[in-house]
Amino acid sequence: MIKNKINQSVLIVLLLTLISIFFIRFYNVFINHEIKDFFTSGYEEESLLILWYNFNNREIYTNLLEYPYRWALYNWLFYDFYSFSLKLVNLIFDIRERSVINFFRLVTLFFSLIAFIFFYKSLKHIKNENGLWTIFLAIFCIYGLSTGWWNLTTRPDLPALTIEIIGIYFFLKNINNISILNIIGISIILFLAWSFKQTALITFCSIALYLLIQRKFLRCFFFIFIFFLLISVTIFLQNEYYFQSIYMLNTSGSVYDFDLKRITKVINIFVLKNILLILLGFYVVFKSKYLNFKENIFYLIGFLISLVYFLSVLSNKGTSDNHTFQIIIFLALFIHKNFNYKNNFFYFNPIILIIFFIQIIINSLVLFNVEGKLKPNKINNIDEYLTCTNNNLIN
């Protein structure tokens with residue numbers, strides 16, 4: 001094999017396109033004052049509305065079929081943490097109305113920074129590989145095309161993912177000799193992830209199944225028992241509308257359909273945005289003659305559970321990139337475990353070069369605004385929206 005730096009150079013170019021896309025989006029959200037009155041994700045306005053009610057100490061879990069006809073879609077810790085953060089900051093500053101929206105987005109961005117740190121640490125723990133490759137994987141998964149806008153919005157998806165990644169890190173750190181105390185601590189961490197978003201169960205299920213397969217029954221029992229005990233206490237302490245609200249039990253199926261065109265579009269978008277990881281996954285599987293199943297079982301369990309979850313929620317009209325985050329995380333962990341950076345980047349490898357060029361082309365289409373978005377969705381009548389919200393609080 002001929003030693004060269006072509007593949008490394010292509011990796012750097014790809015990394016720069018990812019960073020450029022994210023910072024252009026960051027600029028358009030927080031700095032570009034020519035863009036006014038926008039949402040950075042679907043249903044962000046619903047989160048903002050409930051957070052504003054929670055900030056003003058109003059009941060948030062109510063019957064959506066009765067006045068004031070509002071719906072708290074997410075779990076309690078999302079609303080309480082963001083509202084408390086605003087109250088804490090307002091002890092010094094006086095953040096109001098429009099500024100509140102960007103403040104909440106900054107809270108989400110703070111969570112994404114924590115996610116990046118702990119995912120990077122997880123990758124380094126799995127294999128202390130070249131720093132450039134590890135940084136690239138961490139950026140691709142946390143600030144890539146699928147996750148990019150979600151770092152800049154008022155939604156619980158990134159905070160929940162962040163806490164799941166923290167749980168993964170501590171599990172991997174102790175995976176070979178995990179104590180009951182460790183497993184209880186991880187269970188509490190994953191309960192906090194669930195408390196941000198009630199569908200954040202993939203890491204919990206992956207660890208529980210792994211412990212069962214490894215025949216660590218006592219640890220598995222404590223892990224599951226503590227998790228569901230905390231959930232049961234939460235449900236008991238909340239009001240009568242809490243459980244049906246967060247799990248959409250009072251929607252009469254209105255949020256579901258089987259529109260094949262929409263479902264195909266969601267799948268195609270996921271594949272295009274993450275083609276590099278998908279192709280690298282196939283490359284690792286077919287290239288590795290002696291893939292150690294025992295060493296990869298946790299990553300494979302997580303990947304399969306997250307894939308099944310994604311496919312199962314495709315009938316939900318709101319299915320989007322946020323339902324693919326765990327697929328990306330577990331696939332990246334599997335690739336990192338089995339990918340030989342030295343052989344594939346210090347020496348010329350045409351297959352790797354082609355895979356990276358494909359992702360560069362897709363990133364370039366986003367970067368030059370041919371496909372994908374670099375600017376948030378503009379909204380109208382924001383003043384009327386804020387006035388109506390404040391009037392409802394007064395009444």
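Preceding block: the structure.
Computed from a predicted model, the values in this text were never measured in an experiment.

Q: Describe the packing of aromatic side chains, and please don't skip the residues or the numbers.
A: The relative placement of two aromatic rings is captured by the distance of their centres and the angle of their planes. For the coordinates displayed, the defined rule picks out 42 aromatic pairs. Centre to centre, the rings of phenylalanine 22 and tyrosine 143 are 4.8 Å apart; their planes meet at 65 degrees, and the pair counts as edge-to-face. With phenylalanine 22 in helix α1 (residues 6-30) and tyrosine 143 in helix α5 (residues 131-143), this pair connects stretches of sequence that are 121 residues apart. Neither residue differs from the other here; phenylalanine 22 and tyrosine 143 are each classed as buried. Ring plane angle 20 degrees and centroid distance 5.0 Å describe the contact between phenylalanine 204 and phenylalanine 223, whose orientation is recorded as stacked. Taken together, the residues span a long stretch of sequence, with phenylalanine 204 in helix α8 (residues 202-213) and phenylalanine 223 in helix α9 (residues 217-237) at a distance of 19 residues.

Q: Mind laying out empty space enclosed by the protein, listing which residues take part and the relevant values?
A: Overall, the coordinates contain 2 cavities of 30 Å³ or more when judged by the stated rule. Lining the second largest cavity are 13 residues, and of these Asp157, Lys197, Thr199, Asn322 and Gln326 sit closest to its centre. Of all the secondary-structure elements, those providing two or more residues to the lining of the second largest cavity are α6 (157-173) and α14 (325-338). Residue composition of the lining of the second largest cavity, grouped by class: 6 nonpolar, 4 polar and 3 charged.

Q: So, helix α11 (residues 260-273): which residues are in play, and what are the values?
A: Given a rise of 1.5 Å per residue, 14 residues ought to cover 20 Å, and the 20 Å separating the end C-alpha atoms of α11 matches this to within 8%. Taken together, the buried positions of α11 are Arg262, Ile263, Val266 and Phe270. Buried residues in α11, looked at end-on, bunch into an arc of 105 degrees, giving them a common side. Structural note: α11 exposes Leu260, Lys261 and Lys265 on the side pointing more than 90 degrees away from its buried face. On its buried face, α11 is in contact with α12 (275-287), α13 (293-312) and α14.

Q: Talk me through the nonpolar core; I want residue IDs and the actual numbers.
A: Counting 121 residues, the largest nonpolar core has Phe119, Trp133, Phe136, Phe171, Leu277, Phe298 and Phe356 as its most contacted members. For this core, the element with the highest residue contribution is helix α4 (residues 97-126), accounting for 12 residues. Not counting residues within four places of it along the chain, the set of residues in contact with leucine 277 comprises Leu137, Phe140, Cys141, Ile328, Leu331, Ala332 and Ile335. Formed by 7 residues, the second largest nonpolar core is a distinct cluster that contains Ile21, Ile275, Val366 and Leu374.

Q: Provide a residue-level description of the pattern of salt bridges, including the pertinent values.
A: Within this structure, the stated rule accounts for 5 salt bridges. With a closest N to O distance of 3.0 Å, arginine 105 and glutamate 44 form a salt bridge. On the criterion of sequence distance, the pair formed by arginine 105 in helix α4 and glutamate 44 in helix α2 (residues 44-55) is long-range, its members being 61 residues apart. Judged by its relative accessible area of 2%, arginine 105 falls in the buried class. Residue aspartate 157 is joined to lysine 197 by a salt bridge in which the shortest nitrogen-to-oxygen separation is 2.5 Å. Taken together, the residues span a long stretch of sequence, with aspartate 157 in helix α6 and lysine 197 in the loop between α7 (180-196) and α8 at a distance of 40 residues. Each member of the salt-bridge network shares a partner with another, and the members are Arg155, Asp157 and Lys197.

Q: Break down unusual backbone geometry for me, citing the residues and quoting the values.
A: For asparagine 57, which is not a glycine, the phi torsion comes out positive at approximately 60 degrees. Considering the arrangement of structural elements, one finds asparagine 57 in the loop between α2 and α3 (76-89). Within the chain, arginine 215 stands out as a residue other than glycine whose phi angle is a positive 60 degrees. With respect to the helices and strands, arginine 215 occurs in the loop between α8 and α9.

Q: So, a nonpolar patch on the surface: which residues are in play, and what are the values?
A: Residues Leu218, Phe221, Phe225, Leu229, Val233, Phe236 and Leu237 make up a contiguous nonpolar surface patch of roughly 760 Å² in combined accessible area. Along the chain, phenylalanine 221 falls in helix α9.

Q: Explain the environment of leucine 137 to me, and be specific about the residues and the numbers.
A: By the element assignment, leucine 137 lies in helix α5. Separated by 192 residues in the primary sequence, leucine 137 and isoleucine 329 place their C-alpha atoms 9.6 Å from one another.

What counts and what doesn't
Residues numbered from 1 in each chain as written. Predicted model: local features only at pLDDT ≥ 70, side-chain atom pairs only at ≥ 80, totals over all residues. Heavy atoms only, no water. Phe/Tyr/Trp six-rings, centres within 6.5 Å; stacked < 30°, edge-to-face > 60°. Helix = DSSP H or I, 4+ residues; strand = E, 2+ residues; numbered from the N terminus. Buried < 20%, exposed > 50% of the residue type's maximum accessible area, 1.4 Å probe, protein only. 1 Å grid on protein atoms, 1.4 Å probe; cavity = no way out; pocket = protein on both sides within 12 Å on 5 of 7 lines; lining within 4 Å. Points joined across faces, edges and corners; volume = space filled by probe spheres on them. Nonpolar A, V, L, I, M, F, W, Y, C, P; charged D, E, K, R; others polar. Expected span 1.5 Å × (residues − 1). Arc of directions from axis to C-beta. Contact = heavy atoms within 4.5 Å. Core = buried A, V, L, I, M, F, W, Y, C linked by side-chain atoms within 4.5 Å. Salt bridge = Lys/Arg side-chain N within 4 Å of Asp/Glu carboxyl O. Patch = residues over 30% accessible without salt bridge, like charges linked within 9 Å, V, L, I, M, F, W, Y side chains within 5 Å. Areas by Shrake-Rupley, 256 points an atom, 1.4 Å probe, with all protein chains shown as cover.

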